[in-house]
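If you want the building blocks of each chain, they are given just below.
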Amino acid sequence: MTMARLRFLVFVVLVLGPAAAFMSTGDPRLVDLGKLVMILSPAVAGLALNLGAGDRKAARRWIWLAAAAAISLAVSGGALAAAIAVGSTKFPFITGLPEGIGGAMAVSALTSVLEELGWAGGGLALATAALGRRWGVVVLGFVWALWHLVPTYLHVGLFPDLETAPPAMIAAFVVTCLIYRELLTVLRERAGTWLAAAAAHAAPNIVFAGLIAAGMSLQGSAWAFFPAPGGLVFPVLALFAVLGLRAQEAREPPVVG
């Protein structure tokens, strides 16, 4: 095993193992500690093992931070529109308090940025060094899916919609993680910084956190129209976004010098 693959393996163990160990105890205090470890471990392990986020030599294209957020919002917005159209998602009168809505949005922003600091930063650099660009992103996406599914399996309340999901929805969630990780990676490459992936991940999460805190119900009987990873509309739109970005890249003239 090469050193690059060993470092990536250590990263995988660190982002999955300690959090699972704490959350599986059943002790509420250790479960809460496990949730904190889960959120922090990708960033801490990725930065430590890679000695940074892997952006130092890249040329920055800051306009892509806004573009990344807009593209991801379009994907999520399209999935949400489809869910509303079939009645799977409902908007009641606002029931949440303003401070609760704002707090939920702030927490979602922080956790999303921390998540991508690990996955699109050091984690991506470790994965591509170990396995190459194509397989590195695929494997990283699968590990990202497992990172979500461990607390889902343990029923600690982090992802309640997934905890009650049928097997087909879990399978769709894994596929979506692979596609969405590719989209976040392409956006990161276009911008030259992991912050583009953070912007793309955070923007819809902030909106959804605010809507849910305000009283929106995400899932009805039609799980296929769940307006987030786990449904079927979201990955289709994310795939179209990836293909569109690839086509745009192919039309651009090569950079000289």
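Residues numbered from 1 in each chain as written. Predicted model: local features only at pLDDT ≥ 70, side-chain atom pairs only at ≥ 80, totals over all residues. Heavy atoms only, no water.

In this structure, what is going on with the nonpolar core? I would like to understand it.
One broad trend across soluble globular proteins is that nonpolar side chains are buried collectively. Counting 62 residues, the largest nonpolar core has Phe8, Phe11, Val15, Trp119 and Leu183 as the members making the most contacts within it. Breaking this core down by element, the ones donating at least two residues are α1 (3-23), α2 (28-50), α3 (63-85), α4 (98-131), α5 (133-154), α7 (167-191), α8 (195-214) and α9 (233-251). Sort the elements by how many residues they give to this core and α7 lands first, with eleven residues. Excluding residues that lie within four positions of it along the chain, Trp119 makes contacts with Phe11, Val15, Pro42, Leu124, Leu140, Val143, Trp144, Trp147 and Arg181. (Core = buried A, V, L, I, M, F, W, Y, C linked by side-chain atoms within 4.5 Å. Buried < 20%, exposed > 50% of the residue type's maximum accessible area, 1.4 Å probe, protein only. Helix = DSSP H or I, 4+ residues; strand = E, 2+ residues; numbered from the N terminus. Contact = heavy atoms within 4.5 Å.)

Explanation requested: the packing of aromatic side chains in the structure shown.
For any pair of aromatic rings, geometry is given as the distance between the ring centres together with the angle between the planes. Scanning the entire structure with this criterion turns up five aromatic pairs. Taken together, a centroid distance of 6.2 Å and an interplanar angle of 20° make the contact between Phe8 and Phe11 stacked. Taken together, the positions of Phe8 and Phe11, both in helix α1 and three residues apart, correspond to about one turn of that helix. Through a chain of ring-to-ring contacts, three or more aromatic side chains come together here, namely Phe8, Phe11, Trp119 and Trp147. Sitting over the face of the ring of Trp144, Arg181 holds its NZ or CZ atom 4.2 Å from the ring centroid. (Phe/Tyr/Trp six-rings, centres within 6.5 Å; stacked < 30°, edge-to-face > 60°. Lys NZ or Arg CZ within 6 Å of the ring centre and 35° of its normal.)

How do you make sense of α7 when you look at a structure like this?
Side chains of residues three or four places apart in an α-helix project in the same direction, reflecting 3.6 residues per turn. Taking 1.5 Å of rise per residue, the 25 residues of α7 would be expected to cover 36 Å, and the 36 Å separating its terminal C-alpha atoms lies within 8% of that figure. Most of α7 sits inside the fold, with 18 of its 25 residues counted as buried. One or two residues past the end of α7 sits Gly192, with phi positive at roughly 80°. (Expected span 1.5 Å × (residues − 1).)

Any chance you could explain the packing of α4 against α5 here in plain terms?
Each pair of packed helices gets described by two things: the angle between the helix axes and the distance between those axes. At a minimum axis distance of 8 Å, the contact between α4 and α5 shows a crossing angle of 135°. As summarised for this structure, α4 and α5 are arranged oblique, according to the angle between their axes. When you trace α4 past α5, the crossing you get is right-handed. On α5, the residues touching Glu115, Glu116, Trp119, Gly123, Leu124, Ala127, Thr128 and Leu131 of α4 are Arg133, Trp135, Gly136, Val137, Val139, Leu140, Val143, Trp144, Trp147 and His148. Grouping the constituent residues of the contact of α4 with α5 by class yields eleven nonpolar, four polar and three charged. (Axes fitted to C-alpha atoms, helices over the stretch in contact; angles between N-to-C directions. Parallel < 35°, antiparallel > 145°, perpendicular 65-115°, else oblique. Left-handed = near helix turned anticlockwise from the far one by under 90°. Nonpolar A, V, L, I, M, F, W, Y, C, P; charged D, E, K, R; others polar.)

Can you help me understand the packing of α5 against α7 in this one?
Their axes nearest at 8 Å, the elements α5 and α7 cross at an angle of 130°. With respect to their mutual orientation, α5 and α7 come out oblique. Helix-helix and strand crossings are classified by hand; for α5 and α7 the assignment is right-handed. Every residue of α7 that contacts α5 at Arg133, Val137, Val138, Leu140, Gly141, Phe142, Trp144, Ala145, His148 and Leu149 is listed here: Ile170, Phe173, Val174, Cys177, Leu178, Tyr180, Arg181, Glu182, Leu184, Thr185, Val186 and Glu189. Split by residue class, the contact of α5 with α7 holds 15 nonpolar, three polar and four charged.

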